[in-house]
Amino acid sequence: MTVRIIYHGHSCFSIQTDQANLLVDPFLSGNEAADVRPDEVNPDFILVSHAHGDHLGDALPIAKRTGATVISNYEICNYLADRGAKTHGMHIGGARQFPFGTVKLTIAHHGSSFPDGSYGGNPCGFLLWLEDKVLYFAGDTALFYDMTLYGEEGIDVAMLPIGDNYTMGPKDAVKAVEFLQPKTAILMHYDTFDLIAQDARQVADAIAAKTSARPALLKPGESFVA
Ligand code: NI
Ligand code: MN
């Protein structure tokens, strides 16, 4: 039983288990750092944390081409279902067992409008119970103290933004690792554009020095096996 997490740049990951191939926040076209094109991924499910273009990304064309089901908040699912995607709408605090494992939508302090300005519901993160592992994908968010509660789930891998300006920056990301107490912390949402440029190595070193977690710095195309 393995859970393979492949980084595609920004906040996009493939998460592969024996049961299913998940794709999270598929911002691929328009992202020069991405290692794959939208027509090269074949997910069974697509998880979308919020409607901003750098997260919703290519979710609609990928869902329509592959038949993958999009899991997101109710508003984003309605928007995508109206445009021909298969969806499963949820909302924050709600969990659901799928054939591949359990998904719970978590709090994220952020916005969620679509690129055209229309309302995209509340942004979220995801707690994922896959095989015998617990994963937490924070989405775009500020630091919040309730991460301590999520940490009580016994997180194996946490994926956390460090870019600052729109989300947590380096200092708060280290604090988030203290709250979540994951075995491994994967850093995301940095260096895609100048405004979120960060010295990720320095953040990883701070995590290693101040917390019990092992930081993982992935380049697009690299993977981590949980
Ligand atoms: Ni955003
Ligand atoms: Mn973002």
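About the cut-offs
Residues numbered from 1 in each chain as written. Chains lettered and ligands numbered in written order. Predicted model: local features only at pLDDT ≥ 70, side-chain atom pairs only at ≥ 80, totals over all residues. Heavy atoms only, no water. Helix = DSSP H or I, 4+ residues; strand = E, 2+ residues; numbered from the N terminus. Rg over C-alpha atoms; globule rule 2.2 N^0.38 Å. Buried < 20%, exposed > 50% of the residue type's maximum accessible area, 1.4 Å probe, protein only. Contact = heavy atoms within 4.5 Å. Areas by Shrake-Rupley, 256 points an atom, 1.4 Å probe, with all protein chains shown as cover. Lys, Arg positive; Asp, Glu negative; His and termini not counted. Charge placed at Lys NZ, Arg CZ, Asp CG, Glu CD. Donors = N, O, S within 2.8 Å, 3.2 Å for Na, K, Ca; no water. Tetrahedral: all angles 85-135°; square planar, octahedral: opposite > 155°, others 65-115°. Pairing = 2+ DSSP bridges. Axes fitted to C-alpha atoms, helices over the stretch in contact; angles between N-to-C directions. 1 Å grid on protein atoms, 1.4 Å probe; cavity = no way out; pocket = protein on both sides within 12 Å on 5 of 7 lines; lining within 4 Å. Points joined across faces, edges and corners; volume = space filled by probe spheres on them. Nonpolar A, V, L, I, M, F, W, Y, C, P; charged D, E, K, R; others polar. Salt bridge = Lys/Arg side-chain N within 4 Å of Asp/Glu carboxyl O.

Moving on to the overall build of the chain. From N to C terminus, the chain includes 6 helices and 14 strands. Relative to a compact globule of 226 residues, whose C-alpha radius of gyration would be 17 Å, the chain shows 16 Å and is just as compact. Going through the 226 residues of the chain one by one, you find that 54% of them count as buried. Restricting the contact set of the chain to residue pairs at least 6 apart, pairs at least 24 apart contribute 56%. Carbon and sulfur atoms make up 46% of the accessible area of the chain, which totals about 9,400 Å². Taking the 16 positively charged and 27 negatively charged side chains of the chain as two groups, their mean positions are separated by 4 Å.

This paragraph deals with the coordination of the nickel ion (ligand 1). For the nickel ion (ligand 1), every protein donor is listed as His-50 (NE2), His-52 (ND1), His-110 (NE2) and Asp-140 (OD), and the spread of their distances is 2.1 to 2.3 Å. Coordination geometry of the nickel ion (ligand 1): the 4 donor atoms subtend angles of 85 to 176 degrees at the metal centre, consistent with an arrangement described as irregular. All donors of the nickel ion (ligand 1) come from a single chain, and their spacing in sequence reads H-x1-H-x57-H-x29-D. A separation of 3.2 Å is found between the nickel ion (ligand 1) and the manganese ion (ligand 2), which share Asp-140 as a coordinating residue. Of the two residues, His-50 is situated in the loop between strand S4 (45–47) and helix H1 (53–56) and Asp-140 in the loop between strand S10 (133–137) and helix H4 (147–151); the sequence distance between them amounts to 90 residues.

Let's shift gears to the sheet that holds strand S9 (residues 124–130). Pairing within the open sheet is mixed, and its 7 strands lie in the order S7-S8-S9-S10-S11-S12-S13. Every other strand in the sheet has two partners, leaving strand S7 (95–98) and strand S13 (214–216) as the edge strands with one partner each. Averaged over neighbouring strand pairs, the angle between their axes works out to 20 degrees when direction is ignored. As paired strands, S10 and strand S11 (residues 157–161) are joined by 3 bridges and run parallel to one another. In the strand pairing of S11, Leu-135 is matched with Val-157.

In this section: the layout of surface pockets. Estimated volume of the largest pocket: approximately 170 Å³. The wall of the largest pocket is formed by Tyr-7, Gly-9, His-10, Ala-33, Tyr-190, Asp-191, Thr-192, Leu-217, Leu-218, Lys-219, Pro-220 and Glu-222. For the lining of the largest pocket, the residue count by class is 6 nonpolar, 3 polar and 3 charged.

Moving on, we come to the pairing of S7. The two faces of a sheet get side chains in turn, since along a regular strand they alternate between them. Summarising the sheet, S7 and strand S8 (residues 101–107) pair through 4 bridges and their orientation is antiparallel. Opposite Ala-95, over in S8, you have Lys-104 as the bridge partner. Connecting the antiparallel pair S7 and S8 is a turn made up of 2 residues.

A complete count under the given rule lists 6 salt bridges for this structure. Where Lys-183 meets Asp-156, a salt bridge forms, and the shortest distance between an N and an O atom there is 2.9 Å. With Lys-183 in the loop between helix H5 (170–180) and strand S12 (184–188) and Asp-156 in the loop between H4 and S11, this residue pair connects regions lying 27 residues apart in the sequence. Here Lys-183 falls in the exposed class, since its relative accessible area comes to 56%. The exposure class of Asp-156 is buried, given its relative accessible area of 10%.

Glancing now at the coordination of the manganese ion (ligand 2). With distances of 2.1 to 2.2 Å, the protein atoms coordinating the manganese ion (ligand 2) are Asp-54 (OD), His-55 (NE2), Asp-140 (OD) and His-189 (NE2). All donors of the manganese ion (ligand 2) belong to a single chain; written as a sequence motif, their spacing is D-H-x84-D-x48-H.

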